[in-house]
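Coordinates in review
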Amino acid sequence: MLPRSQILLLATVAASLGVTMFSDGIDPYFLLVIKNVGINIILAVSLNLVNGYTGQFSLGHAGFMAVGAYTSAAITLFLGPPLLAAIGMHGVAATAGLFLAALVAGGLVAALAGLLVGIPSLRLKGDYLAIVTLGFGEIIRVIFRNVQSLGGALGLNGIPPYTNFFWTFTFVALTVYVIISMVHSTYGRGFLAVHDDEVAAEAMGLNTTRYKVIAFVVGAFFAGIAGGLYGHSQRSIDPQTFNFVKSIEIVVMVILGGMGNTVGVILAAVLLTLLPEFLRPIAEYRMMIYSLLLIVLMLTRPQGLFTWRRAKVQPAT
C-alpha cells in the first residue's frame, strides 16, 4: 500500500487534471489568480526549506525565479519549435513534452545558479548571507536586462500560454511532497540540526555547509520551476518583475506563515496572493492597506500567523 503522502500527491495530480478538463467555463481572471496562488505556494514552500527549516536567511529567491523563467521561455520560444519540427513531432503530446522539458531545464539551471552562489556564500551567517543573496538577485536581474537576445530591458513577449491549472498544482503537489519528505526523513534531521545549533551540529560531525548548500540548491530548483510557470502564465516577462521587492514578498510569506511550518507557509501564500485582489475596489488605497495589515500582523503575531507550536519532525522508519 502506498504511503499517505504519495496517495495525497497522486490525488492532487488527478484532481488538477480533472479541473483542467472542465476549466473552459471558469472566468479567465479567476483562473489567473488561482494560478498565481499556486506559483506563490511553490516559491514560499521552497524558500521555507532554506529560511525556515535550515535557519538561513536568503533574499535572492526572485533571482532563481528569474533564471527559471528566462530559461524555460527561451526554450519554448526559440529552441523547442525548430527541434519539434525537425523530428516531426506535433500535437498536444509534443507541446506538453516541450513544456515539461522547459520547466525542468529552468529548474536545473536555477539549481546550478544556486550551487554556484551557495558554495562560496553559505559559509556566511545571518546578515552577511542575506546581503550576499540580495546582491546575487540584483546581479541576475541586471544581467537579463542587458542581454539583448533575451529582450533586454523590455523582456520577452509572446511566450506560449502553456501554464494551466494542471501544470501549476501538479508542481505545487510535487514541491510540497519533496520538501516535507526531505525534512521528515532521517537525513532531513540534519537540516533541523543546522537550524537549532550550527556549532553543536558541527561538533557532532555534520557537514553543515553541505546541508545548507543542498537546501539552497533544492530551493533554487523549485523557484526556477515557479519562474517557468509564471512566464508561461503571464506570457511576458521582464527583469523588473524579479526585483528585490519580489524576494521580500516571498520572505514575508514564509515569516507570516511561520518559519519551518509548511502548512502555515502555504496558507500565508494563499492569503497574501488573494488579499491584494480583494482590495482592488479601493485601488488607490490598496497597497497602503495591504502594508498596514502586514505591519499589524507582524506586531501581533511575530512567530507567524499560523504557528501555535513548533511541529515535531519525526524521522522516517
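Since the structure is predicted, the reported quantities are computational estimates derived from the model, not experimental observations.

**Some details on the overall build of the chain**
For the chain, the helix and strand inventory stands at 12 helices and 2 strands. Shown N-terminal to C-terminal, the secondary structure of the chain runs as helices and strands in the order α-α-α-α-α-β-α-α-α-α-β-α-α-α. For the chain, whose C-alpha radius of gyration is 19 Å, the value lies close to the compact-globule estimate of 20 Å for 317 residues. Its C-alpha atoms put the chain at 60 × 50 × 50 Å along the principal axes. Scored against the burial criterion, the 317 residues of the chain give a buried share of 49%. Within the chain, contacts between residues separated by at least 24 positions form 81% of all contacts whose residues are at least 6 apart in sequence. Approximately 15300 Å² of the chain is accessible, and the part contributed by carbon and sulfur atoms is 70%. Here the chain carries 17 positive and 12 negative side-chain charges, and the mean point of each set is 6 Å from the other.

**Digging into helix α1 (residues 4–21)**
If you check α1, its first and last C-alpha atoms are 26 Å apart, about what 18 residues at 1.5 Å a residue would give, namely 26 Å. Of all the positions in α1, only L9, S16 and T20 are classed as buried. For α1, the angular spread of buried residues about the axis comes to 30°, placing them on one side. Opposite the packed face of α1, turned more than 90 degrees from it, sit the exposed residues R4, L8, L10 and M21.

**Quick look at a nonpolar patch on the surface**
On the surface, a nonpolar cluster with roughly 370 Å² of combined accessible area is contributed by L112, L115, L116 and I119. Within the secondary structure layout, L112 lies in helix α4 (residues 92–121). Relative accessible area serves as the criterion here: at 47%, L112 is assigned to the partly exposed category.

**Structural notes on unusual backbone geometry**
For R235, which is not glycine, the phi torsion reads 70° and is therefore positive. For R235, the location among the structural elements is in the loop between α9 (208–234) and β2 (236–237).

**Re the confidence of the model for the chain**
Detail in the predicted coordinates should be disregarded across regions flagged by low pLDDT. Chain-level statistics for the chain give a pLDDT mean of 86 and a share of 95% at 70 or above. Low pLDDT (under 50) marks residues 310–317, which in the prediction has 16 contacts with non-local residues, meaning those over four places away or in another chain.

**Considerations on the environment of L43**
Within the fold, L43 resides in helix α2 (residues 28–53). Measuring from C-alpha to C-alpha, the distance between L43 and D24 comes to 27 Å, with 19 residues separating the pair along the chain. Sequence-distant contacts of L43, defined by excluding residues within four places in its chain, comprise H61, M65, A223, A226, K246 and I250.

**So, the pattern of salt bridges**
Inspection of every chain in the model, using the stated rule, returns 3 salt bridges. The salt bridge partner of R141 is E138, with a shortest N-O separation of 2.7 Å. In this pair, R141 and E138 both sit in helix α5 (residues 126–146), 3 residues apart, roughly one turn of the helix. K246 is the salt-bridge partner of E249, the closest N and O atoms lying 3.7 Å from each other. Placement of the pair is E249 and K246 together in helix α10 (residues 244–257), with a separation of 3 residues, close to one helical turn. With relative accessibility at 34%, the residue E249 sits in the partly exposed group. For K246, a relative accessible area of 14% puts it in the buried group.

**What to know about the packing of helix α6 (residues 165–183) against α9**
Interaxial distance between α6 and α9 falls to 10 Å at its minimum, and their mutual angle equals 175°. One way to sum up the angle between α6 and α9 is to call them roughly antiparallel. Residue-level contacts link W167, T168, F171, L174, T175, V178, I179 and M182 of α6 to I214, V218, F222, I225 and L229 of α9. Tallied by class, residues from the contact of α6 with α9 come to 11 nonpolar, 2 polar and no charged.

**Focus: the packing of aromatic side chains**
In this structure the tally under the stated criterion is 14 aromatic pairs. Centroid distance Y187 to F191: 6.1 Å. Interplanar angle 80°. Geometry classified as edge-to-face. Assessed through its relative accessible area of 35%, Y187 is described here as partly exposed. Of the residues examined, F191 reaches a relative accessible area of 0% and is grouped as buried. Arranged with centres 6.2 Å apart and planes meeting at 75°, the rings of Y230 and F242 form a pair that is edge-to-face. Placement of the pair is Y230 in helix α9 and F242 in the loop between β2 and α10, with a sequence separation of 12 residues. Per residue, the accessibility class of Y230 equals that of F242, and both read buried.

Reading the values: rules and limits
- Residues numbered from 1 in each chain as written.
- Predicted model: local features only at pLDDT ≥ 70, side-chain atom pairs only at ≥ 80, totals over all residues.
- Heavy atoms only, no water.
- Helix = DSSP H or I, 4+ residues; strand = E, 2+ residues; numbered from the N terminus.
- Rg over C-alpha atoms; globule rule 2.2 N^0.38 Å.
- Buried < 20%, exposed > 50% of the residue type's maximum accessible area, 1.4 Å probe, protein only.
- Contact = heavy atoms within 4.5 Å.
- Areas by Shrake-Rupley, 256 points an atom, 1.4 Å probe, with all protein chains shown as cover.
- Lys, Arg positive; Asp, Glu negative; His and termini not counted.
- Charge placed at Lys NZ, Arg CZ, Asp CG, Glu CD.
- Expected span 1.5 Å × (residues − 1).
- Arc of directions from axis to C-beta.
- Patch = residues over 30% accessible without salt bridge, like charges linked within 9 Å, V, L, I, M, F, W, Y side chains within 5 Å.
- Salt bridge = Lys/Arg side-chain N within 4 Å of Asp/Glu carboxyl O.
- pLDDT = per-residue confidence, 0-100.
- Axes fitted to C-alpha atoms, helices over the stretch in contact; angles between N-to-C directions.
- Parallel < 35°, antiparallel > 145°, perpendicular 65-115°, else oblique.
- Nonpolar A, V, L, I, M, F, W, Y, C, P; charged D, E, K, R; others polar.
- Phe/Tyr/Trp six-rings, centres within 6.5 Å; stacked < 30°, edge-to-face > 60°.

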